Amino acid sequence: EAAALFVSDVHLQAAMPGTVELFLSFLDQHAKRSPRLYLMGDLFEYWAGDDDLSSPFPARIVAALRAVADAGVALYWLGGNRDFLVASGFAEASGLTLLAEPHVEEIAGKRLVLVHGDAQCIDDHDYQAFRAQVRQPMWQAAFLAQPLEKRKAIIEGMREGSRAAQQVKTMEIMDVNTQAIDALFASTGAQIMVHGHTHRPALHQHVGGLRYVLPDWDGDTESVRGGWLALGRDGVMRRFDAHGAPIAD
Ligand code: OKV
Ligand code: MN
């Protein structure tokens, strides 16, 4: 049986009910049977602040996560580039533990390093500048000091701008930089790296170790996409598709 499950880039939003159902069934059918679940970023299409917890859609997701935690599963959270504003209010309501990046941990006898993946996309200079700005505590405090509805409007405006510029697709599939990956293996001594963000699910062999890239999810189109990784108690990582079918290495 699995020692831990890893998932990222579900991009949950009320406007994509198929993806929501797919993820909720993953939680109920698979996550509840695993001792640990690592949520590795961009679970939400966007997160405007923990004061959104009482809105119906976030409340539904929080309740589902809480049910997994109450079933005895240890839940861990790494923020992504869309839900980096998740903080202690969300963590307490969901019953999960916030982690800092890079997270290094030994599980099933393997040394793992976990990152969302956007920080390793160092060739995208514009994005890295934006990331550095919005990760500043002072910037976040000023942003969060605005009313929730205004924050949502700002984020929606950014999304609209990206769509208009046709940037989201091309930029979000920009890949991680191999030197940044090698440096992360070297500095952490990890044997296995797990990340998402790039929407390029794969298994890569590096000098430092194996790199598993998580898929993004889409349960609203005919070609259903998604899936997770499961680290077995034997220390072997296995890949599964959105319906829980194993993917061969
Ligand atoms: C997604 C990417 C645009 C890459 C902003 C808080 C902030 C969320 C957001 C805004 C942008 C996602 C949600 C988008 C990915 C891009 C350009 C490049 C490399 C905030 C929470 F800043 F206001 F606090 N965002 N959008 N890119 O347009 O969908 O991944 S997005
Ligand atoms: Mn991402």
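Starting from 1, residues in each chain are numbered consecutively following that chain's sequence as written. Going through the entries in the order they are written, you letter the chains from A and number the ligands from 1. It should be noted that, the model being predicted, local features are given only for residues of pLDDT at least 70 and side-chain atom pairs only at 80 or more, the latter also being counted only at that level, while totals for whole chains, interfaces and linings use all residues. Side-chain figures throughout are based on the complete set of non-hydrogen atoms in the structure, without hydrogens or water.

**Side note on the coordination of the manganese ion (ligand 2)**
Operational definition: As a rule, N, O and S atoms within 2.8 Å of a metal are its donors, except that Na, K and Ca use 3.2 Å; water is not among the atoms, so sites may look incomplete. Working definition: helices are DSSP H or I runs of at least four residues, strands are E runs of at least two. Numbering for both runs from the N terminus. Partly exposed describes any residue whose relative accessible area lies between the buried limit of under 20% and the exposed limit of over 50%, with all areas from a 1.4 Å probe on protein chains only and scaled to the type maximum.
For the manganese ion (ligand 2), the full set of protein donor atoms is D42 (OD), N81 (OD1), H116 (NE2) and H197 (ND1), at a range of 2.0 to 2.4 Å. Spacing between the donor residues of the manganese ion (ligand 2) along their common chain follows D-x38-N-x34-H-x80-H. Highlighted residues: D42 in the loop between β2 (36-39) and α2 (56-70) and N81 in the loop between β3 (74-77) and α3 (88-94), separated in sequence by 39 residues. For D42, a relative accessible area of 0% puts it in the buried group. Taking the relative accessible area as the measure of exposure, N81 reaches 15% and is therefore buried.

**Here we look at the packing of aromatic side chains**
Basically, it comes down to this: Two aromatic rings from Phe, Tyr or Trp, using only the six-membered ring of Trp, form a pair when their centres are within 6.5 Å; if the ring planes differ by under 30 degrees the pair is stacked, by over 60 it is edge-to-face, and anything between is tilted.
The tally for this structure, following the rule as stated, stands at 14 aromatic pairs. The interplanar angle of 40° and the centroid separation of 4.8 Å between the aromatic rings of F44 and W47 together place this pair among those described as tilted. Given a relative accessible area of 2%, F44 falls into the buried group. Through successive ring pairs, a cluster of aromatic residues spans F23, F26, W217, W228 and F240.

**Observations regarding α2**
Cut-off, in case you're wondering: In a helix, the anticipated span is given by 1.5 Å times the number of residues less one. The arc in question is formed by the directions pointing from the helix axis toward the C-beta atoms. For this analysis, residues touch if any pair of their heavy atoms sits within 4.5 Å.
For α2, built from 15 residues, the straight-helix expectation of 21 Å at 1.5 Å per residue is met to within 8% by its first-to-last C-alpha distance of 21 Å. When we look at burial in α2, the residues that qualify are F57, P58, I61, V62, A64, L65, V68 and A69. Taken end-on, α2 shows its buried residues confined to a sector of 160°, consistent with a single buried face. Turned more than 90 degrees away from the buried face of α2 sit P56 and D70, all of them exposed. Those residues of α2 hidden inside the fold are in contact with α1 (17-29), β2, β3, α3 and β4 (96-98). The first or second residue beyond α2 is G72, which carries a positive phi of 105°.

**Focus: the site of ligand 1**
Operational definition: Throughout, near means a residue has at least one heavy atom within 4 Å of the molecule or strand. Polar contacts, as counted here, are pairs of nitrogen or oxygen atoms within 3.5 Å of one another; within protein the pair requires one atom able to donate a hydrogen and one able to accept it, and residues that are adjacent in sequence qualify only if both atoms are side-chain atoms. Polar here means any residue other than Ala, Val, Leu, Ile, Met, Phe, Trp, Tyr, Cys and Pro, which are nonpolar, and Asp, Glu, Lys and Arg, which are charged; Gly is therefore polar.
Neighbouring ligand 1 are 20 residues, the closest being N81, W139, R159, S162 and H197. In the model, an oxygen atom of ligand 1 is placed 3.3 Å from a nitrogen or oxygen of the N81 side chain. At 3.3 Å from an oxygen atom of ligand 1 is found a side-chain nitrogen or oxygen belonging to R82. By residue number, the principal contributor to the shell around ligand 1 is helix α6 (residues 148-164), which donates four residues. When the residues that make up the shell around ligand 1 are grouped by side-chain class, the tally is 13 nonpolar, three polar and four charged.

**A closer look at the layout of surface pockets**
Stated precisely, the cut-off is as follows: Definitions used for this entry: grid spacing 1 Å over protein atoms alone; cavity, a set of points where a 1.4 Å probe fits but cannot get out; pocket, an open set with protein on both sides within 12 Å along at least 5 of 7 lines; lining residue, one with an atom within 4 Å of a point. Grid points are joined across faces, edges and corners, and a volume is the space filled by probe spheres set on the points.
If you add up the space inside the largest pocket, you get close to 1400 Å³. A class-by-class count of the residues in the lining of the largest pocket yields 19 nonpolar, 10 polar and 12 charged. E1, A2, L5, A230 and F240 are, among the 14 residues lining the second largest pocket, the residues nearest its centre. At the level of elements, β1 (2-7), β10 (227-232) and β11 (237-241) are the ones that each hand at least two residues to the lining of the second largest pocket. Looking at the lining of the second largest pocket element by element, the count peaks at four residues for β10. Residues that form the lining of the second largest pocket fall into these classes: six nonpolar, five polar and three charged.

The values reported here are purely geometric and, on their own, carry no functional implication.
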